[in-house]
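Commentary on secondary and tertiary structure
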Amino acid sequence: MFEYPENPGVFDFDELADQLLEQGAEVSPARVHGCLSGLLAAGDLDTGERALDALAQGLELVAQGQLAETIMHLYAATASSLADEADEACIFYPLLPDDEQPIEARTQALADWSGGFITGVALAAAAPGADVRPWSSEGREILEDIAAMSQAVVDPEDYVEEPEDNYTELVEYLRIAVLNLYLERRPDEPVEHGITRH
């Protein structure tokens, strides 16, 4: 969750889930935000309306009314947080359930987010006027990692403490990985954030 700079307030995972449910959408908030983030990281999306079109195409989500407005605000907040990571009031994070939720639910949401991200990157590559430059070797490795994270599950054989530690590490890796992909498509932006591969 993060601050939306022009309309202060925190995006709530459960609130967005309720809005999606009310509209009969069978897609999670995590997958929606992952798709938006993938589009942005890959250099697509000029407007919130384009974001809605992309979600309709990639996730079969036709957002209307309050849900459409919320998604457009979420898009704007995500774009701002990626563009100005130095602003501590608007730091990019994947939209995931609160830590109070069971680790199994949070891990599933992380997998959904990652799958949505890969969908967003693919949509951006297929869009008219898309950036056709190949990703760097590091960029390709990051995309492979995120694709693998879309299959994440909690191993019941793990000790109780380990799933929490692993989850926290994956979320932080994902956050930095997305920023690196975003900056790779924008070489005039400030220096890359470092990534530690696991």
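Please refer to the structure higher up on the page.
Attention here is on the structure that accompanies the text. In this text the structure is predicted, and so the values were computed from the model without any measurement.

Before going further, it helps to examine the overall build of the protein. Along its length, the protein carries 7 helices and 0 strands. Across the 198 residues that make up the protein, the buried fraction comes to 46%. If you take every contact in the protein between residues at least 6 apart in sequence, the share linking residues at least 24 apart comes to 71%.

Let us look at a negative patch on the surface. Judged by side-chain charge, D14, E15, D18 and E22 come together as a negatively charged surface patch. Considering the arrangement of structural elements, one finds D18 in helix α1 (residues 13–22).

Our next topic: helix α4 (residues 65–83). Its 19 residues place the ends of α4 27 Å apart at the C-alpha level, agreeing with the 27 Å of an ideal helix rising 1.5 Å per residue. Regarding α4, the residues found buried are L67, A68, T70, I71, L74, Y75, A77, T78, A79, S81 and L82.

Per the stated rule, a full pass over the model turns up 2 aromatic pairs. Each ring, one from W113 and one from F117, has its centre 5.5 Å from the other, and the planes form 15 degrees; the classification is stacked. With W113 and F117 both in helix α5 (residues 103–126) and 4 residues apart, this pair spans about one turn of that helix. Both residues of the pair, W113 and F117, count as buried. Three or more aromatic residues link up through ring pairs in this structure, and these residues are F92, W113 and F117. A cation sits over an aromatic face here: R106 above Y167, 5.1 Å from the ring centre. Here the guanidinium or amino end of R185 rests over the ring plane of W135, the centre of that ring lying 3.9 Å away.

Let us look at the pattern of salt bridges. Applying the stated rule across the entire model yields 4 salt bridges. The closest approach of N and O atoms between R106 and D99, which form a salt bridge, is 3.9 Å. R106 gets classed as buried once you look at its relative accessible area, which sits at 2%. Taking the relative accessible area as the measure of exposure, D99 reaches 59% and is therefore exposed. In this structure, the salt-bridge partner of E164 is R106, at a minimum N-O distance of 2.6 Å. Taken together, the positions of E164 in helix α7 (residues 161–184) and R106 in helix α5 put the pair 58 residues apart, joining distant regions of the chain. With relative accessibility at 34%, the residue E164 sits in the partly exposed group. Overlapping salt bridges bring together D99, R106 and E164 as one network.

The next point concerns the environment of F11. Mapped onto the elements, F11 comes out in the segment before α1. Exposure remark for F11: the relative accessible area of 14% places this residue in the buried category. Through-space distance from the C-alpha of F11 to that of H73 is 9.3 Å; in sequence the pair is 62 residues apart.

What follows is about the nonpolar core. Counting residues in hydrophobic clusters, the biggest one holds 56 residues, and the most contacted among them are V32, L61, I71 and F117. Here this core takes 11 residues from α7, the largest share from any one element. Not counting residues within four places of it along the chain, the set of residues in contact with L61 comprises L20, A25, V27, V32, L52, L55, A56, L67 and I71.

Calculation rules
- Residues numbered from 1 in each chain as written.
- Predicted model: local features only at pLDDT ≥ 70, side-chain atom pairs only at ≥ 80, totals over all residues.
- Heavy atoms only, no water.
- Helix = DSSP H or I, 4+ residues; strand = E, 2+ residues; numbered from the N terminus.
- Buried < 20%, exposed > 50% of the residue type's maximum accessible area, 1.4 Å probe, protein only.
- Contact = heavy atoms within 4.5 Å.
- Patch = residues over 30% accessible without salt bridge, like charges linked within 9 Å, V, L, I, M, F, W, Y side chains within 5 Å.
- Areas by Shrake-Rupley, 256 points an atom, 1.4 Å probe, with all protein chains shown as cover.
- Salt bridge = Lys/Arg side-chain N within 4 Å of Asp/Glu carboxyl O.
- Lys, Arg positive; Asp, Glu negative; His and termini not counted.
- Charge placed at Lys NZ, Arg CZ, Asp CG, Glu CD.
- Expected span 1.5 Å × (residues − 1).
- Phe/Tyr/Trp six-rings, centres within 6.5 Å; stacked < 30°, edge-to-face > 60°.
- Lys NZ or Arg CZ within 6 Å of the ring centre and 35° of its normal.
- Core = buried A, V, L, I, M, F, W, Y, C linked by side-chain atoms within 4.5 Å.

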